[in-house]
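Listed below, chain by chain, are the residues.
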Amino acid sequence: MTENLRIGIPSKGRLSEMATELLHQAGLQFRRQERTLFALVKHLPIDVIFLRTDDIPVLCSEGAIDLGISGSDLVDESGADVAIRMPLGVGHCRLSLCVPEESAITKGEQLDGKRVATSFPHVTRKYLAEHQADAHLVELSGSVEIMISLGVADAIVDLVETGSTLAANRLRVLTDLGHYETVLIQNSRKCRDSEMAERIARRLEGVVIARDYSLLEYNIARDKLSLAEQITPGFNSPTVSALESSEWCAVRVMVKRKDVIATMERLESVGASAILETAINNCRL
Ligand code: AMP
């Protein structure tokens, strides 16, 4: 092993694909050979290490890797001493306490004396202690959602994204123990190459913001500009340029992608014309 900067990413699953795509978009060119644990990055002194997602927080705090991509749920559960550098805009989920639809349980305190299945024993234990519930924990590494029908548990604590797994197993959410997403983490004490770590963090920030925003361009009469600026205040502020007709101007502004269609309608209603949306591939702000 060299003293290159080490970035740990999940070796399999959906998060592995998302992390690989993010790093590729940030200009890190690497290819994983079958079953190898690490890859060199072309033209940059960086090694990408492929790891189990739930080991990434601990391996980062132990210094085996300098940066890592993992779920904030796993950072919380492991209790690993790492810095969360930034959310990566993907993998949103919540950790929920769930009971059967017909269960009489309505609050955490009623779990006293009951059995709770989970792959998040630390977070769950903390919740139970806060609610003075002395429950038996069934600690598992997966398939938690079927444990009630298997007769192993009275309640479960599991990740929920869309809620379809809960519906399929006739479960309902009692409460949420946390909201999580995919994050970039960093060892908080030492780093093989701090300058490179900052560069990579900045690159990822550019990709994450670009994914979240579109560029809107439109023309508007000068006397309506302040109205239009209220609708599109931009990331920092809009760029306004003159048009041949002195009564009109052109505006370029970043708008959250999810708000673009509604924003176009509002701009049109205050008199804007030639409203164009352009995707942003990357940015530095
Ligand atoms: P859903 O049916 O969409 O609510 O997804 C729930 C299932 O997907 C459960 O089995 C979860 O354990 C798993 N899951 C949901 N979100 C995540 C995530 N961000 N990371 C890992 N597993 C997840």
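Computed from a predicted model, the values in this text were never measured in an experiment. (Residues numbered from 1 in each chain as written. Predicted model: local features only at pLDDT ≥ 70, side-chain atom pairs only at ≥ 80, totals over all residues. Heavy atoms only, no water.)

Right, let's get into the sheet that holds strand β4 (residues 67-71). Across the sheet, which stays open at both edges, the 6 strands sit in the order β2-β3-β1-β4-β11-β5 with mixed pairing between neighbours. The two strands at the open ends of the sheet, each matched to only one other strand, are β2 (38-40) and β5 (82-87). Put simply, the sheet's adjacent strands are angled 25° from each other on average, direction ignored. Across 5 bridges, the pairing between β4 and strand β11 (residues 182-187) is antiparallel. For leucine 67, the partnering residue across the bridge sits in β11 and is glutamine 186. On top of the sheet, helix α1 (residues 14-25) reaches β1 (5-10), β4 and β11; it is set at about 140° to β1, its chief contact. Helix-sheet contacts for helix α6 (residues 194-212) involve β1, β3 (46-51), β4, β5 and β11, and the interaxial angle to β5 is about 30°. (Pairing = 2+ DSSP bridges. Helix = DSSP H or I, 4+ residues; strand = E, 2+ residues; numbered from the N terminus. Axes fitted to C-alpha atoms, helices over the stretch in contact; angles between N-to-C directions. Contact = heavy atoms within 4.5 Å.)

Here the protein chain is partitioned into domain 1 (5-90 + 182-192), domain 2 (93-180) and domain 3 (212-279). Taken over C-alpha atoms, the centre of domain 1 sits 29 Å from the centre of domain 2. The interface formed by domain 1 and domain 2 includes 1 salt bridge. With a closest N to O distance of 3.3 Å, glutamate 161 and arginine 14 form a salt bridge. Counting the contacts that link domain 1 with domain 2 gives 4 residue pairs in polar contact (both at pLDDT 80 or more). With 5 residues, helix α3 (residues 72-78) is the largest single contributor of residues to the side of domain 1 that touches domain 2. Across the side of domain 1 that touches domain 2, the residue classes break down as 1 nonpolar, 1 polar and 4 charged. (Domains from an automatic or database assignment. Salt bridge = Lys/Arg side-chain N within 4 Å of Asp/Glu carboxyl O. Polar contact = N/O pair within 3.5 Å; in protein donor to acceptor, adjacent residues only side chain to side chain. Nonpolar A, V, L, I, M, F, W, Y, C, P; charged D, E, K, R; others polar.)

In this section: the packing of aromatic side chains. To describe a pair of aromatic rings, one takes the distance between the centres and the angle between the planes. According to the stated counting rule, one finds 2 aromatic pairs in the structure shown. When the ring of phenylalanine 30 is compared with that of phenylalanine 50, the centres are 6.4 Å apart and the planes differ by 50°; the resulting orientation is tilted. A residue pair is termed long-range when its members are at least 10 positions apart, and phenylalanine 30 in the loop between α1 and β2 and phenylalanine 50 in strand β3 qualify at 20 residues. The burial state of phenylalanine 30 is the same as that of phenylalanine 50; both residues are buried. Ring geometry for tyrosine 213 versus phenylalanine 235: centroids 5.3 Å apart, planes at 75°, classification edge-to-face. Here tyrosine 213 is found in strand β12 (residues 213-221), whereas its partner phenylalanine 235 is found in the loop between α7 (225-231) and β13 (239-242), with 22 residues between them in sequence. With relative accessibility at 34%, the residue phenylalanine 235 sits in the partly exposed group. It is arginine 32 that lies over the ring of phenylalanine 50; its NZ or CZ is 4.6 Å from the centre. (Phe/Tyr/Trp six-rings, centres within 6.5 Å; stacked < 30°, edge-to-face > 60°. Buried < 20%, exposed > 50% of the residue type's maximum accessible area, 1.4 Å probe, protein only. Lys NZ or Arg CZ within 6 Å of the ring centre and 35° of its normal.)

For an α-helix, 3.6 residues make a turn, and residues three or four places apart therefore share a direction. Under the 1.5 Å per step criterion, the end-to-end length of α6 is 27 Å for 19 residues, consistent within 8% with the ideal 27 Å. By the burial criterion, the buried members of α6 are Met196, Ala197, Ile200, Ala201, Arg203, Leu204, Gly206, Val207, Val208, Ile209 and Ala210. (Expected span 1.5 Å × (residues − 1).)

Here the structure, examined in full by the defined rule, presents 17 salt bridges. Here glutamate 34 and arginine 35 are joined by a salt bridge, their closest N and O atoms 3.9 Å apart. Residues glutamate 34 and arginine 35 agree in their burial class; the two are exposed. Salt-bridge contacts for glutamate 101 lead to arginine 170; the nearest nitrogen and oxygen are separated by 3.2 Å. With glutamate 101 in the loop between β6 (93-100) and β7 (115-118) and arginine 170 in the loop between α5 (164-168) and β10 (171-180), this pair connects stretches of sequence that are 69 residues apart. Overall, glutamate 101 belongs to the partly exposed group, its relative accessible area being 37%.

Every residue near the ligand is listed here: Gly91, Cys93, Glu145, Asp158, Leu159, Val160, Glu161, Thr162, Gly163, Ser164 and Thr165. Contacts to the ligand include threonine 165, whose side-chain N or O atom sits 2.5 Å from an oxygen atom. When atom positions are compared with the pocket grids, the ligand is found to occupy the largest pocket. Counting residues per element, the ones that place at least two in the shell around the ligand are β9 (155-160) and α5. No other element matches β9, which puts 3 residues into the shell around the ligand. Residues of the shell around the ligand, tallied by class, amount to 3 nonpolar, 5 polar and 3 charged. (Near = heavy atom within 4 Å. 1 Å grid on protein atoms, 1.4 Å probe; cavity = no way out; pocket = protein on both sides within 12 Å on 5 of 7 lines; lining within 4 Å. Sits in = over half its atoms within 2 Å of the grid points.)

To continue, consider the nonpolar core. Counting residues in hydrophobic clusters, the biggest one holds 28 residues, and the most contacted among them are Ile7, Ile9, Leu28, Phe30, Ile46 and Ile200. Elements that contribute at least two residues to this core include exactly β1, α1, β3, β4 and α6. The element contributing the most residues to this core is α6, with 7 residues. In this structure, Phe120, Tyr127, Ala133 and Leu137 belong to the second largest nonpolar core, which totals 20 residues. (Core = buried A, V, L, I, M, F, W, Y, C linked by side-chain atoms within 4.5 Å.)

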